[in-house]
Amino acid sequence: MSPRCLPALTALLAIAGSAFSPRGAAAEERDVRALRLVPFPKRVRFEEGSFALDRELVLEAEPDAAAVAGPLIAEELERAGLKRPAVRA
């Protein structure tokens, strides 16, 4: 997978998994630990708002990376209630 894709992928997974609302420092800390981000950011800040993922999701990666990362990312997105992305190598 191209290193340029990692920030976008991390943001996508953060958005997909961020059905958390701020409820105080202790609750927010637990929510932050529940995020499944790799690499994990130095700081996470929850804010009000939404982001619609209403188009087909496409993961583009090198063939070897697509074979490994594709199913893992698809599983995480499904866990967040989203459709599996198309994987293009």
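In the block above lies the structure referred to throughout.
Described below are features of the structure shown in this document. (Residues numbered from 1 in each chain as written. Predicted model: local features only at pLDDT ≥ 70, side-chain atom pairs only at ≥ 80, totals over all residues. Heavy atoms only, no water.)

Along its length, the chain carries 3 helices and 2 strands. Put simply, the chain runs from its N terminus to its C terminus through helices and strands in the order α-α-β-α-β. Out of the 89 residues belonging to the chain, those deemed buried represent 26%. Long-range pairs, those at least 24 residues apart, make up 57% of the contacts in the chain with a sequence separation of at least 6. Total accessible area on the chain stands at roughly 6,700 Å², and carbon and sulfur atoms take up 54% of it. (Helix = DSSP H or I, 4+ residues; strand = E, 2+ residues; numbered from the N terminus. Buried < 20%, exposed > 50% of the residue type's maximum accessible area, 1.4 Å probe, protein only. Contact = heavy atoms within 4.5 Å. Areas by Shrake-Rupley, 256 points an atom, 1.4 Å probe, with all protein chains shown as cover.)

Following the criterion strictly, the structure yields 5 salt bridges and no others. In this structure, E76 engages R79 in a salt bridge whose closest nitrogen and oxygen atoms are separated by 2.8 Å. Of this pair, E76 and R79 both sit in helix α3 (residues 63-79), separated by 3 residues, roughly a single helical turn. Judged by its relative accessible area of 18%, E76 is buried. (Salt bridge = Lys/Arg side-chain N within 4 Å of Asp/Glu carboxyl O.)

Attention now moves to α3. Working note: α-helix, 3.6 residues per turn, so residues spaced by three or four point in the same direction. Given a rise of 1.5 Å per residue, 17 residues ought to cover 24 Å, and the 24 Å separating the end C-alpha atoms of α3 matches this to within 8%. In the stretch just after α3, G81 is the one whose phi turns positive, near 90°. (Expected span 1.5 Å × (residues − 1).)

In short, geometric facts, not functional conclusions.
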